[in-house]
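Fold and contact review
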Amino acid sequence: MRHEHVISAKQFTRADIEAVLDRAADFAANQQDVADAHEGALLATAFFEPSTRTKMSFEAAIKRLGGDVIDMGPVEFSSVSKGETLADTLRVIEGYADAIVLRHPMEGSATMATEYVDVPLLNAGDGAGQHPTQTLLDLFTIREEVGLDDLTIGIMGDLKYGRTVHSLAQALTNFDTAQHFISPESLRLPRSVRYDLHDQGAKVREHEDFEAILSELDVLYVTRIQRERFPDEDEYKAVSGQYQLDKEMILEHNEDLTVLHPLPRVDEVAPGIDSLPGAKYFEQAHNGVPVRMALLDMLL
């Protein structure tokens, strides 16, 4: 792999993405063959925000490669609560591990962190910025289901604060993909992201009504409205629950639709959809293990 760290989807070329996805596919099919590939390796997890899927799949990934994990633990029980800076925390952690997975609420924190550590650092989400490893497992899932070229995808929900959206949209510019962004006016893609997509020649359309375009889509990638990112509670309440996808909508407009969601969901994807053949969000979450195994294997 050409990169020392995994910070942003912007850093990946199509060749980079395909290399990771191909290796992930091999690992998914032959997990036992790599059970001791990185015996003795230690992965450090430093999560300054809550996580279930990202944290546990990274832990599973390094253990399935023969390594182990050390965890910083809850922020309130770490030296951060005593006033220690992020830079100092990571300088200490790098002395204990062969790679670091960092999640932090401050956008740009992962980029800053690479100035202070020499071991590989993987960005597991930096505020409303980027989440590149999530994007790679999203792409893996899409490729497994419908392919990544000649693809029409809708990305719906919190496009302003959604770091998974920002990363996925950037990565999809490497493929022959038409992107439809669906959100309330107040949660549209940030201007900086739209400019980047246009500069890369992306086919981008923005909408507020999602039912009107369901029939055109191969994939609908749904995100929750992220209450914790809103600076004002009234702003959140104004858009909460505005987009809710249910089974009847899919059966009426597009029975072949593949539905993805980075999870957790609230009310934007009804549980009735779970039984449909195109509901792939739990497989998507499980794909985090082979994809992160591939990344760790290439970086270590």
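Scroll up to find the structure this text is about.
Let me sum up the structure you'll find in this document. (Residues numbered from 1 in each chain as written. Predicted model: local features only at pLDDT ≥ 70, side-chain atom pairs only at ≥ 80, totals over all residues. Heavy atoms only, no water.)

As for the sheet that holds strand S3 (residues 99-104)
Taken together, the four strands give an open sheet; going across it, the order is S2-S1-S3-S4, and neighbouring strands pair in parallel fashion. The open sheet has two edge strands with one neighbour each: strand S2 (68-71) and strand S4 (121-126). Shown here is a sheet whose adjacent strand axes are inclined to one another by a mean of 20°, direction ignored. As paired elements, S3 and S4 share four bridges and run parallel to each other. The partner of histidine 104 across the bridge, within S4, is aspartate 126. Of the strands in this sheet, strand S1 (42-47), S2, S3 and S4 are in contact with helix H2 (residues 53-64), which crosses S2 at around 145°. (Pairing = 2+ DSSP bridges. Helix = DSSP H or I, 4+ residues; strand = E, 2+ residues; numbered from the N terminus. Axes fitted to C-alpha atoms, helices over the stretch in contact; angles between N-to-C directions. Contact = heavy atoms within 4.5 Å.)

Here we look at empty space enclosed by the protein
In this structure the tally under the stated criterion is one cavity of 30 Å³ or more. The calculated volume of the largest cavity comes to roughly 40 Å³. Around the largest cavity, the lining residues are Arg53, Thr54, Gln134, Leu137, Pro262, Gln284, Ala285 and Arg292. Of all elements in the fold, only H2, helix H5 (132-145) and helix H10 (281-286) reach the threshold of two or more residues within the lining of the largest cavity. For the lining of the largest cavity, the per-class residue count stands at three nonpolar, three polar and two charged. (1 Å grid on protein atoms, 1.4 Å probe; cavity = no way out; pocket = protein on both sides within 12 Å on 5 of 7 lines; lining within 4 Å. Points joined across faces, edges and corners; volume = space filled by probe spheres on them. Nonpolar A, V, L, I, M, F, W, Y, C, P; charged D, E, K, R; others polar.)

Some words on the pattern of salt bridges
In the structure shown here, the tally under the stated rule is 14 salt bridges. A salt bridge links glutamate 59 to lysine 55, with the shortest nitrogen-to-oxygen separation between them at 3.0 Å. One end of the pair is glutamate 59 and the other is lysine 55, both in helix H2 and four residues apart, which spans about a single turn. A relative accessible area of 17% places lysine 55 in the buried class. (Salt bridge = Lys/Arg side-chain N within 4 Å of Asp/Glu carboxyl O. Buried < 20%, exposed > 50% of the residue type's maximum accessible area, 1.4 Å probe, protein only.)

A word on the sheet that holds strand S9 (residues 258-260)
Read across the sheet, five strands follow the order S7-S6-S5-S8-S9 without closing on themselves; strand pairing throughout is parallel. Looking along the sheet, the strands with just one partner apiece sit at the ends: strand S7 (203-207) and S9. Across the sheet, the mean angle separating the axes of adjacent strands is 20° when strand polarity is ignored. As paired elements, strand S5 (residues 151-156) and strand S8 (residues 219-222) share four bridges and run parallel to each other. Across the sheet, residue isoleucine 153 finds its bridge partner in S8, namely valine 219. Sheet strands in contact with helix H6 (residues 163-172) are S5, strand S6 (177-182) and S8, and its direction is about 165° off that of S5.

Details of the side chain of arginine 292
You can see arginine 292 is positioned in helix H11 (residues 288-299). One buried charge, arginine 292, has no salt-bridge partner; the nearest side chain with opposite charge is aspartate 138, at 7.9 Å. Within the structure, the side chain of arginine 292 is placed 2.6 Å from the side chain of serine 57, a separation counted as a polar contact. Excluding residues that lie within four positions of it along the chain, arginine 292 makes contacts with Arg53, Thr54, Ser57, Phe58, Ala61, His131, Thr133, Gln134 and Leu137. (Lys, Arg positive; Asp, Glu negative; His and termini not counted. Polar contact = N/O pair within 3.5 Å; in protein donor to acceptor, adjacent residues only side chain to side chain.)

Considering the pairing of S5
Buried residues dominate S5, accounting for six of its six residues. Side chains Leu151, Ile153 and Ile155 project from S5 onto one buried face, and the interleaved Thr152, Gly154 and Met156 project onto a second face that is buried too. The pairing of S5 with S6 spans six bridges and is classified as parallel. Among the inter-strand pairings, methionine 156 is bridged to a residue of S6, identified as isoleucine 182. Handedness of the β-α-β unit built from S5, H6 and S6 comes out right-handed. (Right-handed = clockwise from strand over helix to strand, strands pointing away.)

Quick word on the nonpolar core
Residues Ile153, Ile155 and Phe181 are the most contacted members of the largest nonpolar core, which totals 54 residues. If sequence neighbours within four positions are ignored, phenylalanine 181 has contacts with Ile155, Leu159, Val165, Ala169, Leu189, Leu197, Val204, Arg205, Glu206 and His207. (Core = buried A, V, L, I, M, F, W, Y, C linked by side-chain atoms within 4.5 Å.)

Quick look at the packing of H6 against helix H7 (residues 191-199)
Two elements in contact, H6 and H7, have axes whose closest approach is 10 Å; the angle formed by their N-to-C orientations is 10°. Taken together, the axes of H6 and H7 lie roughly parallel to each other. For the pair H6 and H7, the contacting residues are His166, Ala169 and Gln170 in the first and Val193, Asp196 and Leu197 in the second. In terms of residue class, the contact of H6 with H7 is made up of three nonpolar, two polar and one charged. (Parallel < 35°, antiparallel > 145°, perpendicular 65-115°, else oblique.)

Here we look at the packing of H2 against H11
Contact pair H2 / H11: the axes reach a minimum separation of 8 Å and the direction vectors enclose 60°. As summarised for this structure, H2 and H11 are arranged oblique, according to the angle between their axes. Crossing geometry of H2 relative to H11 is assigned as right-handed. In contact with Arg53, Thr54, Ser57, Phe58, Ala60, Ala61, Ile62 and Arg64 of H2, H11 contributes Gly288, Val289, Arg292, Met293 and Leu296. Here the contact of H2 with H11 is composed, by residue class, of seven nonpolar, three polar and three charged. (Left-handed = near helix turned anticlockwise from the far one by under 90°.)

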